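# Analysis of the macromolecular model
Chain by chain, the residues run as shown.
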Amino acid sequence: MERTFAIIKPDAVERNISGKIISKIEEAGFKIVGMKKIQLSKSQAEGFYYVHKERPFFNDLCSFMSRSPVIVMVLEKEGAIAAWRTLMGATNPANAEPGTIRKEFAKNIEENSSHGSDAPETAAFEISYFFNAFELV
Ligand code: CMP
């Protein structure tokens, strides 16, 4: 079984649609093995997204991600990393497939409602950034 890391981002938590996103996750057959609601500091967001630090959108992204609470999760399923990215849809909701989370809920390319790891190494880093072994059940 593979694990991936997921975030329900501030734009979705603010609009009270986290439950709709969690329903989609469960309906798609993922097990939620870890979940908590937290508010990131700006520096925690910067650490999480450090691979994007040279990008022009980095500062805005970290301000957005720390402006209000998020829900962080660890999802388990065969092929979880690819499956969660498929369920989220393209980063830019304008390019996302119908039925995906970003097509249905994202506001724009930055406030795109959800995040998912893009590779096993990234998933390992992202899971350990937010969870210790006792929090994964
Ligand atoms: P995420 O999958 O969390 O990974 C990096 C995030 O940066 C991405 O989702 C978006 O929230 C944001 N992002 C990516 N590209 C852009 C862009 N061109 N402009 C603004 N934000 C972006």
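In this text the structure is predicted, and so the values were computed from the model without any measurement.

### Here's the deal with the pairing of strand E1 (residues 2-8)
Working note: regular strand, side chains alternate between the two faces of the sheet. Among the seven residues in E1, five count as buried, and that is most of the element. Sheet topology places E1 next to strand E3 (residues 70-77); seven bridges connect them, and they run antiparallel. Counted as the bridge partner of Phe5 is Val74 from E3. Pairing of E1 with strand E4 (residues 114-116) involves three bridges; the strand directions are antiparallel.

### What to know about the UniProt feature "domain: Nucleoside diphosphate kinase-like" (unreviewed entry) in the chain
According to UniProt, the positions carrying the feature "domain: Nucleoside diphosphate kinase-like" (unreviewed entry) are residues 1-137. As annotated, residues 1-137 has a helix share of 40% and a strand share of 19%, and its two end C-alpha atoms lie 14 Å apart.

### With respect to the nonpolar core
Formed by 19 residues in total, the largest nonpolar core has its most connected members in Phe5, Ile7, Met65, Val72, Phe130 and Phe131. Per-element accounting of this core gives the leading share, five residues, to helix H4 (residues 58-65). For Val72, the contacting residues outside a window of four places in its chain are Phe5, Ala6, Ile7, Gly34, Met35, Lys36, Ile38, Phe130 and Phe131. Counting 18 residues, the second-largest nonpolar core is a separate cluster that includes Ala12, Ile17, Ile21 and Ile71.

### As for the site of the ligand
Around the ligand sit Lys9, Tyr49, His52, Phe57, Leu61, Thr91, Arg102, Ile109, Glu110, Asn112 and His115, and those are all the residues in its vicinity. Arg102 is positioned such that a nitrogen or oxygen atom in its side chain is 3.3 Å from an oxygen atom of the ligand. Between the ligand and Asn112, the relevant distance is 3.3 Å, taken from an oxygen atom to a side-chain nitrogen or oxygen of the residue. When the ligand is considered free in solution it has 460 Å² of accessible area, and contact with the protein chains removes 79% of it. When each cavity is represented as a set of grid points, the ligand is found to reside in the largest pocket. Of the residues that constitute the shell around the ligand, the class distribution is four nonpolar, four polar and three charged.

### Considerations on the layout of surface pockets
Of the pockets and cavities examined, the largest pocket occupies roughly 560 Å³. Take the lining of the largest pocket: its biggest share by element is three residues, from helix H7 (residues 120-130). Each residue belonging to the lining of the largest pocket can be placed in one class, and the counts come to eight nonpolar, seven polar and seven charged.

### Digging into helix H2 (residues 18-27)
Listing the buried residues of H2 in full gives Ser18, Ile21, Ile22, Lys24 and Ile25. The arc that holds the buried residues of H2, viewed along the axis, is 155 degrees, so those residues lie on one side. Exposed side of H2, more than 90 degrees from the buried face: Lys20, Glu26 and Glu27 are the residues found there. Against E1, helix H1 (10-14), strand E2 (31-38), E3, helix H5 (80-88) and helix H6 (101-105) lie the buried residues of H2. Gly29 occupies a position one or two residues after H2 and carries a positive phi of about 90 degrees.

### Concerning the environment of Tyr49
Along the chain, the position of Tyr49 falls in the loop between helix H3 (42-48) and H4. Counting along the chain gives 12 residues from Tyr49 to Leu61, while the straight-line C-alpha distance between them is 8.7 Å.

### Quick look at the sheet that holds E3
Taken in spatial order, the four strands make up an open sheet running E2-E3-E1-E4, and their pairing is antiparallel. For this open sheet the edge positions go to E2 and E4, each flanked by a neighbour on one side alone. Here the strands of the sheet are splayed against their neighbours by 20 degrees on average, with no regard to which way each runs. Packing of H7 onto the sheet brings it into contact with E1, E2, E3 and E4, and relative to E1 it is tilted by some 60 degrees.

Reading the values: rules and limits
Residues numbered from 1 in each chain as written. Predicted model: local features only at pLDDT ≥ 70, side-chain atom pairs only at ≥ 80, totals over all residues. Heavy atoms only, no water. Buried < 20%, exposed > 50% of the residue type's maximum accessible area, 1.4 Å probe, protein only. Helix = DSSP H or I, 4+ residues; strand = E, 2+ residues; numbered from the N terminus. Pairing = 2+ DSSP bridges. UniProt positions renumbered as here; feature names shortened; annotations may be inferred. Core = buried A, V, L, I, M, F, W, Y, C linked by side-chain atoms within 4.5 Å. Contact = heavy atoms within 4.5 Å. Near = heavy atom within 4 Å. Polar contact = N/O pair within 3.5 Å; in protein donor to acceptor, adjacent residues only side chain to side chain. Areas by Shrake-Rupley, 256 points an atom, 1.4 Å probe, with all protein chains shown as cover. 1 Å grid on protein atoms, 1.4 Å probe; cavity = no way out; pocket = protein on both sides within 12 Å on 5 of 7 lines; lining within 4 Å. Sits in = over half its atoms within 2 Å of the grid points. Nonpolar A, V, L, I, M, F, W, Y, C, P; charged D, E, K, R; others polar. Points joined across faces, edges and corners; volume = space filled by probe spheres on them. Arc of directions from axis to C-beta. Axes fitted to C-alpha atoms, helices over the stretch in contact; angles between N-to-C directions.

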